[in-house]
Amino acid sequence: MQGNGQHEAGRHENQREADRPGVEEEGGGGHLLRRLGLIQSTALNMSNMIGIGPFITIPLLMSAMGGPQAMLGWLIAVLIVIPDGMIWSELGAAMPASGGSYVYLKEGFGREAFGRMVAFLFIWQFILSGPLEIASGYIGFARYAGYIWNGMTHLDVIVVSAAIGIINIILLYRRIGSIGKITVSLWVGTLLTTAAVIVTGAFHFNSKLAFDFPPWAFRFSFGFFLGLGTATRIGVYDYLGYYDVCYIAEEVKSPGRVIPRSIIISVIAVAVIYLAINLSIIGVIPWREFVPASSRPGSDFVVSIFMERIYGARIARIFTAMVLWTAFGSVFALLLGYSRIPFAAAVDGNFFRIFARLHPTKNFPHVSLLVIGVLSIIGSLFSLGTVIDALVTTRILVQFMGQILAVSLLRQRAPGMARPYRIWLYPIPNLIALIGWIFVFATTDLSIILFGTGSLALGATVFLVWSRLSRRWPFERSAAVD
C-alpha cells in the first residue's frame with residue numbers, strides 16, 4: 001500500500017500512464033511493474049474467493065432456513081456482490097494504487113479531513129474482521145481433521161485450530177522473497193478439490209434429493225426473512241475476495257479495463273462453481289442428515305462423507321487431506337496479505353506507528369503479523385457461525401457502505417477525475433447494494449450488531465484521542481493556538 005500525497009493533476013497523469021501496458025508506476029518511493037493481466041488478476045480474485053468456504057458452509061446454509069430453499073441466500077448474495085463489484089470497479093479503475101478500500105475511503109471523504117478518520121476506522125475494523133476471516137479457516141481445518149481423527153471433541157477442535165494458527169505464524173515469521181510457487185500449488189490444489197466434488201456430483205446427482213423442499217419452505221414470515229438474512233450472510237462470506245485485485249492495483253496492466261472485468265468475471269464464475277458444489281452435495285446426501293448443523297456431527301465434514309458415500313472411506317480420507325491442504329493454503333495466504341495492511345497504513349501515518357515496525361534482521365512487519373496472527377487464534381475459539389456473522393457485519397458499516405458513499409462523493413467533488421469504468425445505470429446499482437447490505441446487517445443477531453456498532457464507536461473514540469495527542473485533524477486549529 002503506498003502513500004497518496006500526489007496532487008489531483010498528478011493522479012490523472014498517472015492514470016493515463018497506468019492504462020499503457022508494461023508501464024512502471026512510481027509511488028511510495030519505489031517502482032512497481034504493471035505485470036498482471038486479466039487472467040492473472042481473475043485468478044488472484046478467485047483463488048481468494050474459493051478457499052475452505054464452500055466445504056464448511058453448506059450445512060450452515062441449509063440450517064439457516066431448514067432446507068434447500070436456503071439457496072435463495074446464494075441468489076441474494078450474488079445480487080448484492082455484483083452491484084458492489086461495480087462500485088469496486090469504478091473506484092479501482094479510477095485510482096489504481098495499492099490499498100483498495102484504504103485509498104478509496106481516504107480520497108472519497110477527504111484525505112486530510114474526515115477521510116483520514118474513515119481510513120483509520122477501516123484499518124480498525126479490519127484488525128477485527130481480518131483475523132475472524134482467518135479464524136474461520138482454522139475452524140474449518142480442525143473440523144475436517146475430525147474425519148480422520150475419530151472421536152474429536154470440542155476441546156480438540158480448539159486445540160487443533162490454535163495449533164494451526166501457531167504453525168502459520170511460525171512459517172510466516174521470516175523474510176519471504178517470493179511466494180509465487182506456493183500460491184500456484186495451492187491454487188492447483190483448490191481447483192482439483194473443487195473439480196472432484198463437481199464432477200462426482202454430476203455423475204451421481206439425484207434431483208429428488210436436491211429439491212426435497214419441506215412443506216413450509218416458502219411460508220413468508222418474520223422467521224423466514226431472518227433465516228434468509230443468515231443464508232445471505234453465509235453466501236456473502238463465501239464470495240469475499242472478488243475485489244482482491246484492488247489491493248494490488250498498481251501492479252495491474254491496463255487497470256481501467258482489467259480491474260472491472262476481473263471482478264465481474266470472478267463473481268459470476270465463482271457463483272456457478274458454488275452452485276454446482278452445493279447441488280452436488282445435496283443431490284447425493286439428503287440435507288436432513290446434516291441439518292441442523294449444531295446437532296449433526298457429520299456436518300463438520302460433509303464433503304468427506306459425500307466422497308465416502310460414492311468411493312469409500314479410503315478415497316474420502318485422501319480427499320479430506322486435499323481439503324486440509326486447501327484450508328491451510330487459504331489461511332497462509334490470508335495471514336501473509338492481511339498482516340501487511342495495518343503495516344502499510346502505519347507507514348502512511350494513518351495508523352499507530354508500532355504497526356510500522358520491521359523485524360530488525362529479517363525485514364518484515366513482525367508486529368503487524370503477530371497481532372493479526374494472535375487475534376486469529378483467539379477468533380478460532382468461537383463457533384463458525386458466530387465468526388462468519390461477526391466478520392461480515394463488521395465490514396458492512398465502514399468498508400462496503402462507506403465505499404457506496406465514497407464513489408458518489410468523488411463524482412460530485414472530482415467530476416474531472418479519469419474514470420475508465422463507470423458504474424452501469426448509476427446510481428441504481430449503488431441503491432441495490434446499499435439495500436442489500438442494510439438487509440444483511442439488520443437481520444443479524446442483536447449481539448453481533450452491538451459488537452459491530454460498539455467496535456466502531458470505540459474505534460472513533462480511539463481515533464479522536466490519538467489525533468488530539470498527535471495534534472492532527474480535527475484538532476489542528478487548537479494545536480496552532482497552543
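Because the structure is a prediction, the values reported are computed rather than measured.

## Observations regarding the packing of aromatic side chains
Line of reasoning, step 1. By the definition in use, this model includes 33 aromatic pairs.
Line of reasoning, step 2. The interplanar angle of 75° and the centroid separation of 4.7 Å between the aromatic rings of tyrosine 242 and tyrosine 243 together place this pair among those described as edge-to-face.
Line of reasoning, step 3. Relative accessible area serves as the criterion here: at 2%, tyrosine 243 is assigned to the buried category.
Line of reasoning, step 4. Connected via pairs of aromatic rings, a cluster forms that spans Phe109, Phe114, Phe120, Trp124, Phe351, Phe352, Phe355, Phe463, Trp466 and Trp473.

## Quick look at the nonpolar core
Line of reasoning, step 1. Formed by 145 residues in total, the largest nonpolar core has its most connected members in Trp88, Tyr144, Tyr239, Tyr242, Phe290 and Trp437.
Line of reasoning, step 2. Of the residues forming this core, the biggest block, 19 residues, is contributed by helix α7 (residues 114-148).
Line of reasoning, step 3. In contact with tyrosine 239, not counting residues within four places along its chain, are Met49, Trp74, Ala77, Val78, Val81, Val267, Val270, Ala271 and Tyr274.

## Some remarks on the packing of α7 against helix α16 (residues 366-379)
Line of reasoning, step 1. In the contact formed by α7 and α16, the axes pass within 7 Å of each other and the chain directions differ by 55°. As the angle between them shows, α7 and α16 are arranged oblique. Crossing geometry of α7 relative to α16 is assigned as right-handed. Along the contact surface, α7 presents Ile127, Pro131, Leu132, Ile134, Ala135, Tyr138 and Ile139, while α16 presents Ile372, Leu375, Ser376, Ile377 and Gly379.
Line of reasoning, step 2. Here the residues of the contact of α7 with α16 sort into 10 nonpolar, two polar and no charged.

About the thresholds
Residues numbered from 1 in each chain as written. Predicted model: local features only at pLDDT ≥ 70, side-chain atom pairs only at ≥ 80, totals over all residues. Heavy atoms only, no water. Phe/Tyr/Trp six-rings, centres within 6.5 Å; stacked < 30°, edge-to-face > 60°. Buried < 20%, exposed > 50% of the residue type's maximum accessible area, 1.4 Å probe, protein only. Core = buried A, V, L, I, M, F, W, Y, C linked by side-chain atoms within 4.5 Å. Helix = DSSP H or I, 4+ residues; strand = E, 2+ residues; numbered from the N terminus. Contact = heavy atoms within 4.5 Å. Axes fitted to C-alpha atoms, helices over the stretch in contact; angles between N-to-C directions. Parallel < 35°, antiparallel > 145°, perpendicular 65-115°, else oblique. Left-handed = near helix turned anticlockwise from the far one by under 90°. Nonpolar A, V, L, I, M, F, W, Y, C, P; charged D, E, K, R; others polar.

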